[in-house]
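Spelled out, the chains give:
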Amino acid sequence: MRPTRRFWGTITLGGFLSILGAILDQPVLLVGAAGLGIWLLINAIQFTRQLSGLLDTITVSQSSIQRRVSVGDPMSLTLHVDRGSSPETAPALPLRIELTPPLTASGLTEGNKTVDLPSTETTADRTIAVTPKVAGTLEFSAPTLTTIDANGLFTESITVGDAVTVIADPRSPRNLHIGASGTQMAAAYGNHSIEQPGPGLEPIELRKYVHGDDISRIDWKATARLNEPHIRKYEAERSHETLLFFDQRSSLGDGNPGERKLDYLREVALAFVQSAASMSDPIGFWGVGDGGITEQRPAASTPAQYDDLQELLVSLDTVTETATSEDDPNRDSGVTATDRAFAPSRTPAEARLFAARLDNDRSPFAATLQPYVAASRPYVERVENRPLFAALRSLTRELSEGTRTVFFTDDTNKAETYEVVQLAAQNSASVTVFLAPTVLFESGGLTDIEAAHRDYQEFDSYRRKLTNITGVSAYEVGPGHRLNAILAKQANRRNTRQTTPETQ
Amino acid sequence: MTDRTHISSSVSELRELTPNSEANGLQTKYRLVVLLGSIALLFGVGRQLLALEPIIAGGLAVSIGIIGWFLPGEYAFASGHIGVGIALPSEPSVVILALLELSLWALLILESESWQSALRLGTLGSGIAGLLAVVGWAVLYQTASLWTVSLGSAAVIGLALYTVHRYEIVQLGLVAEAEQ
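Each value, and the rule that gives it
- Residues numbered from 1 in each chain as written.
- Chains lettered and ligands numbered in written order.
- Predicted model: local features only at pLDDT ≥ 70, side-chain atom pairs only at ≥ 80, totals over all residues.
- Heavy atoms only, no water.
- Helix = DSSP H or I, 4+ residues; strand = E, 2+ residues; numbered from the N terminus.
- Buried < 20%, exposed > 50% of the residue type's maximum accessible area, 1.4 Å probe, protein only.
- Areas by Shrake-Rupley, 256 points an atom, 1.4 Å probe, with all protein chains shown as cover.
- Patch = residues over 30% accessible without salt bridge, like charges linked within 9 Å, V, L, I, M, F, W, Y side chains within 5 Å.
- Salt bridge = Lys/Arg side-chain N within 4 Å of Asp/Glu carboxyl O.
- Core = buried A, V, L, I, M, F, W, Y, C linked by side-chain atoms within 4.5 Å.
- Axes fitted to C-alpha atoms, helices over the stretch in contact; angles between N-to-C directions.
- Parallel < 35°, antiparallel > 145°, perpendicular 65-115°, else oblique.
- Left-handed = near helix turned anticlockwise from the far one by under 90°.
- Contact = heavy atoms within 4.5 Å.
- Nonpolar A, V, L, I, M, F, W, Y, C, P; charged D, E, K, R; others polar.
- Pairing = 2+ DSSP bridges.
- Phe/Tyr/Trp six-rings, centres within 6.5 Å; stacked < 30°, edge-to-face > 60°.
- pLDDT = per-residue confidence, 0-100.

(A) Expanded view of the overall build of chain B. Regarding its fold elements, chain B presents 8 helices and 0 strands. Ordered by position from the N terminus, the helices and strands of chain B form the series α-α-α-α-α-α-α-α. Burial analysis of chain B (180 residues in total) assigns 40% to the buried set. Surface exposure of chain B reaches about 9,800 Å², of which carbon and sulfur atoms provide 68%.

Written out as structure tokens, the structure reads:
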């Protein structure tokens, strides 16, 4: 119970009367002073009784439907107040219930975080949109109830109800889809046998001992059981060296914050590192930005390497400036801004077909384009100057027949990627390409579903083209919900085609 | 818990949520009746029994009426006592004193938000006042000076207020918060 200014004003009045009565020798003034004191006292008693009764009946609850929310996404917080049934003789107290938001949440103002319940009303509800600003635990402490007695002499603030805790997750890729033509990929990596006999742990065959076999390889239990010396052959196992090539160019920054192409591809790359760590496989990493190589970690299978790569991937971002690596072999490789601006988007065959069409075309449009085609530099020269291609070519000596090369890129530089994958396939045991389709990362969502569907089909045909290269697997990586929306459109179209003839 | 500055700033806003907040107590028509009745009682008694000059009685009545109308009831209560103190003879009879106090208490009860509340307030106030008057006042008045009476009354009321405050804290389970 906290006194208000009016309480102190009354006390002052009483004190004044008391002193005046003593000075003037007038007992009636002391009676007045005592009367004011008694009045304060009975108000205090009455307020205490009212408060006690109120707390027995009142229900204050705050709740949120969501238990987890991403940073920046609004969540709703609902406050419900019900003062319950109070005795008829006891006048209801006016109530103000105030939410106590954490400092890391925005959206609550002085105006909307309080709910006033006048004496004449019984219930009140309010729903407020709150947005977490940083990741972590958002704890909305129990609301504070403030009330005042009928004469404004005392106030009281009491914590009522329960606290609500909501987890604010950092914005990160959701609904990660890895697959091909819309079909989710079951597993991209796992235990790796080479299906050849050799030293290992998995037995594959039992055969008779022949002269020249190593005696130490005799399986004595089988020999005792079969009465002839036998040798058990084991499946040979070896470690796979994996080299990750991560495209960090500006186009990989497409998408909403935390849900960019790079963020989705990062999740896949992290899985590769974790898989390599669990099998003690050597793994290396090369990052390529707009200016060339940005990060390079030669393959190694030490715990420090796995930790380093995980840290590197977690902090990985797009690199649009010139190369940052001191020993970047492409720093002076002649990659100009013009080269980057006019990145080849066609394969040599497509370029030749395009030039041939222009030759046969007599329209003014074709006449305008022909000088550009004629003056263009040779295709190979242009591709060779592209960052990813240049980086891979400088590292071909790092590749070997046992190396598994994995690319993380998008479909922006199709011709370059195609050439890079071809080159890697010639120098590696296998090549896996993870592509982030640009159509799945358009800002503002899928506003034009028809156009998105066309773009996805174009992407998928490009992905299949990569898969046709020997030893190459290509997968799409992106938000599954967007891909499903596009595929649903495709399914609807098929259904329409099937039903149309029937109706006719 | 909300800080005290914030609480005090919201006191006036909270007061707005009480019924009859505009009249600040009982509804205006009852307020007028009670105010005029108490002034008439106060100065009718004074005029007849205390032989006040009409101009003094009228002036006091108007003053208390204005104070009682525009200021909270406790100011009318206090100013009424000052007026009575000036006009009253040194040895007033108990009946006269009781009548005067009754009219002045009516001014204070004007602050109540309902008749039920006023009745309860009056009953409780009479009980406490009677107890204080019978047990303490008479004894102190006979044996000590008014200064002692004044300090004694203040101490008793202060102690009673603090007791109610501590009782409220314990009753509502606010001990830990109060200690903070």
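(B) Region of interest: a nonpolar patch on the surface. Side chains of A:Ile19, A:Ile23, A:Leu24 and B:Trp147 sit close together on the surface and give an oily, nonpolar patch of about 420 Å² of accessible area. At 3 residues, helix H1 (residues 5-24) of chain A tops the list of elements feeding residues into the nonpolar patch. Position of A:Leu24 relative to the elements: it lies in helix H1. Assessed through its relative accessible area of 49%, A:Leu24 is described here as partly exposed.

(C) Broad picture of the nonpolar core. All names here are of chain A. Core analysis: the biggest nonpolar cluster contains 63 residues, and Leu95, Val130 and Phe140 have the highest contact counts within it. Broken down by element, this core gets its largest block of residues, 13 residues, from helix H2 (residues 27-57). One finds Leu244, Leu262, Val268 and Val477 within the second-largest nonpolar core, a separate group that totals 62 residues.

(D) Representation of the packing of H1(A) against H2(A) within the structure. All names here are of chain A. Interaxial distance between H1 and H2 falls to 7 Å at its minimum, and their mutual angle equals 160 degrees. Relative to H2, H1 is oriented roughly antiparallel. Where H1 crosses over H2, the handedness of that crossing is left-handed. Taken together, the residues of H2 that come into contact with H1 (itself represented by Arg6, Phe7, Thr10, Ile11, Leu13, Gly14, Leu17, Ser18, Leu20, Gly21, Ala22 and Leu24) are Leu29, Leu30, Gly32, Ala33, Leu36, Trp39 and Leu40. Of the residues contributing to the contact of H1 with H2, the split by class is 13 nonpolar, 5 polar and 1 charged.

(E) Up close: the side chain of B:Ser79. Within the secondary structure layout, B:Ser79 lies in helix H4 (residues 73-87). Those residues in contact with B:Ser79 that lie beyond four places of it in its chain are B:Ile64 and B:Ile67.

(F) Here's a closer look at the sheet that holds strand E4 (residues 75-82) of chain A. Residue and element names in this part refer to chain A. Spatially, the 4 strands line up as an open sheet ordered E2-E4-E8-E6, and their pairing is antiparallel. Across the chains shown, the open sheet's two edge strands, defined by having one partner strand only, are strand E2 (59-63) and strand E6 (105-106). Where E4 and strand E8 (residues 123-132) come together, 8 bridges link them in antiparallel fashion. Paired with Met75 across the bridge in E8 is Val130.

(G) Structural context of the packing of aromatic side chains. All names here are of chain A. Enumeration over the complete set of coordinates arrives at 13 aromatic pairs over all chains. For the pair Phe408 and Phe434, a centre-to-centre distance of 5.5 Å together with 10 degrees between the ring planes defines the contact as stacked. With Phe408 in strand E22 (residues 403-410) and Phe434 in strand E23 (residues 430-436), the pair connects residues that are 26 residues apart, well separated along the chain. With a relative accessible area of 0%, Phe434 lands in the buried category.

(H) Geometry of the sheet that holds strand E17 (residues 241-247) of chain A. Residue and element names in this part refer to chain A. Taken together, the 8 strands give an open sheet; going across it, the order is E13-E12-E24-E23-E22-E17-E20-E21, and neighbouring strands pair in mixed fashion. Among the strands making up the open sheet, the edge pair consists of strand E13 (183-184) and strand E21 (292-300). Contacts from helix H5 (residues 303-314) reach E17, strand E20 (283-289) and E21, with the element oriented near 155 degrees to E21.

(I) Structural context of the confidence of the model for chain A. Residue and element names in this part refer to chain A. Per-chain confidence: chain A averages 79 in pLDDT, with 81% of residues scoring 70 or above. Mean pLDDT across the elements of chain A bottoms out in helix H6 (residues 337-341) (44) and peaks in E23 (92). In the predicted structure, residues 323-343 sits below a pLDDT of 50 and forms 35 contacts with residues beyond four places in sequence or in another chain.

(J) The arrangement of the pairing of E20(A) in detail. Residue and element names in this part refer to chain A. Taken across its 7 residues, E20 has 7 buried, putting it largely inside the fold. Side chains Ile283, Phe285, Gly287 and Gly289 project from E20 onto one buried face, and the interleaved Gly284, Trp286 and Val288 project onto a second face that is buried too. Both E17 and E20 contribute to a ladder of 6 bridges, which runs parallel. Across the sheet, residue Thr242 finds its bridge partner in E20, namely Ile283. Connecting E20 to the next strand, E21, in antiparallel fashion are 2 residues.

(K) Layout of unusual backbone geometry. You will see that A:Asn227, though not glycine, has its phi angle at about 65 degrees, which is positive. The residue A:Asn227 is located in the loop between helix H3 (220-226) and strand E16 (230-237) in this model.

(L) Highlighting the pairing of strand E10 (residues 154-159) of chain A. All names here are of chain A. Most of E10 is tucked away: 5 of the 6 residues are buried. Inspection of the sheet shows strand E1 (residues 2-3) paired to E10 by 2 bridges, in the antiparallel sense. For Arg2, the partnering residue across the bridge sits in E10 and is Thr155. Where strand E9 (residues 136-148) folds back on E10, the antiparallel hairpin that results is connected by 5 residues, among which Gly152 adopts a positive phi of roughly 70 degrees.

(M) Focus on the pattern of salt bridges. Residue and element names in this part refer to chain A. Under the defined criterion, the tally for this structure stands at 16 salt bridges over all chains. The residue Arg464 makes a salt bridge to Asp460 at a minimum N-O spacing of 2.6 Å. Separated by 4 residues within a single helix, Arg464 and Asp460 lie in helix H12 (residues 449-467), roughly one turn from each other. Judged by its relative accessible area of 7%, Asp460 is buried. Among the charged side chains, a salt-bridge network with shared partners connects Arg260, Asp263, Arg266 and Asp317.

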